[in-house]
Amino acid sequence: MSQKLVAVKGMNDLMSPQIEIWQFVERTAREMFGTWGYSEIRTPIVEDTALFVRSVGEVTDIVSKEMYTFEDKGGRSITMRPENTAPAVRAYIEHGLGQQPVTRWYYLGPMFRYERMKTGRYRQFYQIGAEAYGPADASQDVENIALAWHFLKAIGIQHVTLHLNSLGDAPDRPKYLEALRAYFAPHVATFSDAAKETFERNTMRLLDTKEEALRPLVAGAPVIGDFLGEAAKAHFDEVKALLTTLGIPFVIDRTLVRGLDYYTRTTFEFIYEPPAGDNALGTAGTVCGGGRYDNLVRELGGPDKPAVGFAMGLDRLVLLLESLGTRLERRPLLFIATMEPELKAHAVKLVTELRMKGLAVDFDPRGGKFKRQLDRALAVKARHFVVYGQSEHEARAFKIKNMDLPDGDPNKEATVPLDGLAEWLLNAARVAPVTTPPGS
Ligand code: ATP
Ligand code: MG
């Protein structure tokens, strides 16, 4: 007996009726990010392991326990990308793009993290991200944030709150770290081994700990906002002022440090926070995270180029849209049934011609009895149904049944000449769209 083959745990097959929502989100992103001056970058799924260790940081959840790291046949250590900022920076440096004053990229694709799975948390998940290299100005931060904000609106998601913080510049850190270490030091003896190690090796990472027991202590910890230098403070003030000018509401979250090491100055998250207790995302409410990373390009061996970007979790957006009633699967506008074998060629030709006019028309290639074909039309949720029989063929006209209307409805049946069929269908599609778009 052979073993049943199933997908790897935490990795999902994506198909209808959800895939149409994925496609809608992706289509909207490509369209909109392009308009905003971001062009697509596609980097390989795997990279040198060192890339992530050096950028995301050794003492982060991602690098310490979530990476899919393998040795390839050449004995190199490679890692399936857990995020796309570091690969994009690697590409930016490798292709010498530091010559350009401004480079704006977006990416869209799967990321891999060996995580504990629950709602909205998978081992293969998808991100759309947008990165801007070059400008250090606050207006670049705000442009990037505004793109995320307007994109979420464009796909029909309400009730997301922008959480904002500043992590300051590298020179602001030592004083802060000193204060942080002094704060945690008296409690270290009670820490788990993992937390002890975090304290020793990267104290700031304690702030985004997932250990519940540490939360109350973390809540009272000193915040970086009290240690910002003049330049970082002025930058943050400008970010806030510009957001206000653009009418983008935000809350200051002085504890927002994000789970990766490379951030400087602005950090932000968009969190789904519905008014009542109907949160489809549960504890996975963060749909987007990002910020400035002014030192990463240089730290990875490139020129001194500031940068800012975000990554959005697509799985969560799709989950949310679905829970909000979005239905985008395509239903055939018309199903053509033919029982007579000698009419098959005519019917197939008609189906093809209508399809070439952009009309979703279906038929059953198996042919067969009326009942079987009607069942097929119902199974694919066709909106209209017609029998292409000898009399229709001769009269060059069809009696079309609207499958969405109850028997006895005066509009249940319409007689449509063959010549006017395409136009009739176009009109039918216009008056009653087959899908439920987001936010409707
Ligand atoms: P979290 O604190 O929830 O683990 P994170 O800080 O690890 O989030 P980022 O690395 O900032 O997440 O990734 C940006 C976005 O990608 C997240 O806000 C989320 O929407 C999505 N994301 C991250 N990890 C996963 C996952 N395992 N499954 C699905 N989506 C994810
Ligand atoms: Mg995480």
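Residues numbered from 1 in each chain as written. Chains lettered and ligands numbered in written order. Predicted model: local features only at pLDDT ≥ 70, side-chain atom pairs only at ≥ 80, totals over all residues. Heavy atoms only, no water.

S.K.: What is the right way to look at the environment of Asn-165 in this model?
M.R.: Structurally, the position occupied by Asn-165 is in strand β7 (residues 160-166). You can call Asn-165 buried: its relative accessible area is 1%. The spacing of Asn-165 and Leu-260 is 95 residues in sequence and 15 Å in space, taken between C-alpha atoms. With residues near it in sequence (within four places) discarded, Asn-165 still touches Ile-224, Phe-236, Asp-253, Arg-254, Thr-255, Leu-256, Arg-265, Thr-266 and Thr-267. Of the polar contacts made by the side chain of Asn-165, one reaches the backbone oxygen of Asp-253; its length is 3.5 Å. There is a polar contact of 2.9 Å between the side chain of Asn-165 and the backbone oxygen of Leu-256. (Helix = DSSP H or I, 4+ residues; strand = E, 2+ residues; numbered from the N terminus. Buried < 20%, exposed > 50% of the residue type's maximum accessible area, 1.4 Å probe, protein only. Contact = heavy atoms within 4.5 Å. Polar contact = N/O pair within 3.5 Å; in protein donor to acceptor, adjacent residues only side chain to side chain.)

S.K.: For this particular structure, what's the right way to read the domain arrangement of the chain?
M.R.: How big an interface is tends to be stated in terms of accessible area lost as the parts join. Each assigned domain of the chain is listed with its residue range as follows: domain 1 (18-169 + 229-323) and domain 2 (334-431). The straight-line distance from the C-alpha centre of domain 1 to that of domain 2 is 48 Å. (Domains from an automatic or database assignment.)

S.K.: How should the packing of helix α1 (residues 19-35) against helix α5 (residues 138-154) be read in this particular structure?
M.R.: The angle between the axes and the distance between the axes are what describe a pair of packed helices. Here α1 crosses α5 at 140 degrees, and the two axes come no closer than 10 Å. Considered as vectors, α1 and α5 are oriented oblique to each other. Crossing hand, α1 versus α5: right-handed. Along the contact surface, α1 presents Phe-24, Val-25, Thr-28, Ala-29, Met-32 and Phe-33, while α5 presents Leu-147, His-150, Phe-151 and Ala-154. For the contact of α1 with α5, the class distribution of residues is eight nonpolar, two polar and no charged. (Axes fitted to C-alpha atoms, helices over the stretch in contact; angles between N-to-C directions. Parallel < 35°, antiparallel > 145°, perpendicular 65-115°, else oblique. Left-handed = near helix turned anticlockwise from the far one by under 90°. Nonpolar A, V, L, I, M, F, W, Y, C, P; charged D, E, K, R; others polar.)

S.K.: What should I look at first to understand the site of ligand 1 in this one?
M.R.: As a matter of local geometry, ligand 1 sits amid 15 residues, with Arg-113, Glu-115, Arg-121, Arg-258 and Thr-286 nearest to it. Contact between ligand 1 and Tyr-122: a nitrogen atom at 2.8 Å from a main-chain N or O atom of the residue. A distance of 2.8 Å separates an oxygen atom of ligand 1 from a polar atom in the backbone of Thr-286. A total of 590 Å² of accessible area belongs to ligand 1 in isolation, and the protein chains cover 90% of it. Elements with a minimum of two residues in the shell around ligand 1: β6 (124-133), β10 (286-292) and β11 (307-313). Here the element with the most residues in the shell around ligand 1 is β10; it accounts for three residues. Split into classes, the residues belonging to the shell around ligand 1 amount to five nonpolar, four polar and six charged. (Near = heavy atom within 4 Å. Areas by Shrake-Rupley, 256 points an atom, 1.4 Å probe, with all protein chains shown as cover.)

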